[in-house]
There are 2 protein chains.
Amino acid sequence: MANSIEVVLSPALLQAHEVHQKTVVIIDILRATSSMCVAFKTGVNKILPVAGLDECLLYREFDFLCAGERDAQKVEGFDLGNSPFEFTNPILAGRNIAFTTTNGTKAIKMARSRGAAHILIGSFLNLTAVFNQLSSMQHDVVLLCAGWKDKVNLEDTLFAGALTSMLRQQFTTECDAALSSALLYEQNRHRLDELVRQSSHARRFKLLEMQTDDVTFCLQQNICTNVPKLKGEYIFAS
Amino acid sequence: MANSIEVVLSPALLQAHEVHQKTVVIIDILRATSSMCVAFKTGVNKILPVAGLDECLLYREFDFLCAGERDAQKVEGFDLGNSPFEFTNPILAGRNIAFTTTNGTKAIKMARSRGAAHILIGSFLNLTAVFNQLSSMQHDVVLLCAGWKDKVNLEDTLFAGALTSMLRQQFTTECDAALSSALLYEQNRHRLDELVRQSSHARRFKLLEMQTDDVTFCLQQNICTNVPKLKGEYIFAS
């Protein structure tokens, strides 16, 4: 019997899916999970996902840098925002980061509280590495899109579709969200950048006059070979 | 300023969307909203959406017929199930029906409790009629997919996509679920039957050895010209 793959398009839908003892991939393409992959490529030691801003700042005393955003904007007093470009700085090698984001951190915590056996961090940047790991694990898989404040996100849906499309030869898919996101990816794989620029999140960036280069950066495939994984409270490179 | 259109892919996502004072279209293609459109075409007087089986049976005393399903199967002791074929019987003309289904009734009640100004019933069977009504109303629109036990459904997503695709010239769409469902419909409009037969719901029918003709029936476009609408507790033909 093949293992199963399911796609959960928003944390608000997680209640309808069984995740206990399954492998959950957290997806927050713009930008938390993309930035985490870049951070580990740069040589960051570990990342602590944190819910609140004040809690995040507390970890400074324990030699953590503070990273994160609220409403897609950098937090005052933090060392780093949530743009992947910030995590390419070689000065971060060997450092620990306390990371809080609107949606990504929330998704990680939900997966853990519902008893996931393994929690992995996925993005287009490490797509093939995640695929290889899931292929070799022989485990039921849930792809959990972080979305935006419980709404469905186009870029997370497209990544879930990409991974489903690669995995569905080996896995069973009794899940319509998996089927539809795989179709959406397969039929639009050659114009992801154009599509994601129409998304609500990309338009939000534009509204905030932030660099929309983040979109292009986060849609690059396979520039990272690590698969960040939650171990206890922390995320490590693999 | 144009009015907005949003797509909610499951009742579990409704909390993230504002529906107060908006027009909500309830979508439960397999099979509640399709069957309701057929019922009014046959000449049914009114339909009362009901949550529980026992409550449904109570209305028999008030000259209602009982219709509905649990887990896609007809309920013992009920007059009618949830297959659209059952609602084509001319004997139903002028009658009142108390209707309970797993997902459709729930979606109707959620939209009402969240203060929707108008609640309409949509299906492929009355697609153009719903489009015409929404076009003329000049009102913000939320397309609410009933899904399956809070999971996303392929057939409801495709219908939401069809309606969004027709409406998005006149409406603004700041909603990624609207964007992705419209794409999914536009890129697969010529093979809806093939796709929906792969869906979890159609496979559930097959498992139950029910007539899968229901799928083909429910994907017919524009055989009904009515737009069923909630008025107080009841749904009427328009």
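Remember, it's a predicted structure, so these values are computed and weren't measured experimentally.

**Details of the overall build of chain A**
In terms of helices and strands, chain A carries nine helices and 10 strands. Here chain A has a C-alpha radius of gyration of 16 Å; the compact-globule value for 238 residues is 18 Å, and the two agree. Projected onto its principal axes, the C-alpha positions of chain A cover 50 × 35 × 30 Å. In chain A, once contacts between residues fewer than 6 apart in sequence are set aside, the share between residues at least 24 apart is 78%.

**Details of the interface of chain B and chain A**
At the interface, 26 residues of chain B touch 26 residues of chain A. Those elements giving two or more residues to the side of chain B that touches chain A turn out to be helix 5 (154-167) and helix 6 (176-188) of chain B. The leading source of residues in the side of chain B that touches chain A is helix 6 of chain B, at eight residues. Partitioned by chemical class, the residues of the side of chain B that touches chain A number 11 nonpolar, 10 polar and five charged.

**Section: the packing of helix 5 of chain B against helix 6 of chain B**
All names here are of chain B. One can describe the packing of helix 5 onto helix 6 by two numbers: an axis separation of 7 Å at closest approach and a directional angle of 95°. On the basis of the axis angle, helix 5 is roughly perpendicular to helix 6. In this structure, helix 5 uses Thr157, Leu158, Ala160, Gly161, Ala162, Thr164 and Ser165 to contact helix 6, whose residues at the interface are Ala178, Ser181, Ala182, Leu184, Tyr185 and Glu186. For the contact of helix 5 with helix 6, the class distribution of residues is seven nonpolar, five polar and one charged.

**Comments concerning the pairing of strand 6 (residues 96-100) of chain B**
All names here are of chain B. With four of five residues buried, strand 6 lies mostly within the body of the structure. Taken together, the four bridges between strand 3 (residues 46-49) and strand 6 define a ladder with parallel strand orientation. From the neighbouring strand, isoleucine 47 faces strand 6, where its bridge partner is isoleucine 97.

**Things to note about the relation of the copies chain B and chain A**
Here chain B sits on chain A after a turn of 180° about the axis and a move of 0.0 Å along it, with an RMSD of 0.0 Å. Such a turn and shift between the copies fits a two-fold axis. Both copies present the same face, since 100% of the interface residues in chain B are matched by interface residues at the equivalent positions in chain A.

**Quick look at the nonpolar core**
Where a protein is soluble and globular, its nonpolar side chains tend to be buried together. Counting 173 residues, the largest nonpolar core has Ile26(A), Leu144(A), Ile26(B) and Leu144(B) as the members making the most contacts within it. If we skip the residues at most four places from it in the chain, Ile26(A) touches Thr33(A), Gly104(A), Ala107(A), Ile108(A), Ala111(A), Ile119(A), Ile121(A), Gly122(A), Leu144(A) and Ala146(A).

**Considering unusual backbone geometry**
Residue and element names in this part refer to chain A. Following leucine 30, the chain continues into arginine 31 via a peptide bond in cis, with omega recorded as 10°. The topology assignment puts arginine 31 in the loop between strand 2 (23-27) and helix 1 (32-42). At aspartate 63, a position not held by glycine, the phi torsion is positive, near 70°. By the element assignment, aspartate 63 lies in the loop between helix 2 (53-58) and strand 4 (64-70). For aspartate 63, a count of 8 C-beta atoms within 10 Å translates into the label exposed. With a phi close to 75°, aspartate 150 is a non-glycine residue in the positive phi region.

**Some points on the environment of Cys37(B)**
Residue placement: Cys37(B) occurs in helix 1 (residues 32-42). Classification of Cys37(B) by C-beta neighbours within 10 Å gives buried; the count is 29.

**Focus: helix 1 of chain A**
Residue and element names in this part refer to chain A. Counting buried positions along helix 1 yields nine of 11 residues, so the element is predominantly enclosed. Listed as buried for helix 1 are Ala32, Thr33, Ser34, Ser35, Met36, Cys37, Val38, Ala39 and Phe40. Downstream of helix 1 by one or two residues, glycine 43 has phi in the positive range, about 110°.

**Focus: the confidence of the model for chain A**
Predicted confidence across chain A gives a mean pLDDT of 93, with 97% of residues reaching 70 or more. Interface scoring of the predicted complex returns ipTM 0.93; its pTM is 0.95.

Basis of the calculations
Residues numbered from 1 in each chain as written. Chains lettered and ligands numbered in written order. Predicted model: local features only at pLDDT ≥ 70, side-chain atom pairs only at ≥ 80, totals over all residues. Helix = DSSP H or I, 4+ residues; strand = E, 2+ residues; numbered from the N terminus. Rg over C-alpha atoms; globule rule 2.2 N^0.38 Å. Contact = placed C-beta atoms within 7 Å. Nonpolar A, V, L, I, M, F, W, Y, C, P; charged D, E, K, R; others polar. Axes fitted to C-alpha atoms, helices over the stretch in contact; angles between N-to-C directions. Parallel < 35°, antiparallel > 145°, perpendicular 65-115°, else oblique. Buried ≥ 20, exposed ≤ 12 C-beta atoms within 10 Å, placed from the backbone. Pairing = 2+ DSSP bridges. Least-squares fit on C-alpha atoms with pLDDT ≥ 70 in both. Core = buried A, V, L, I, M, F, W, Y, C linked by C-beta atoms within 7 Å. pLDDT = per-residue confidence, 0-100.

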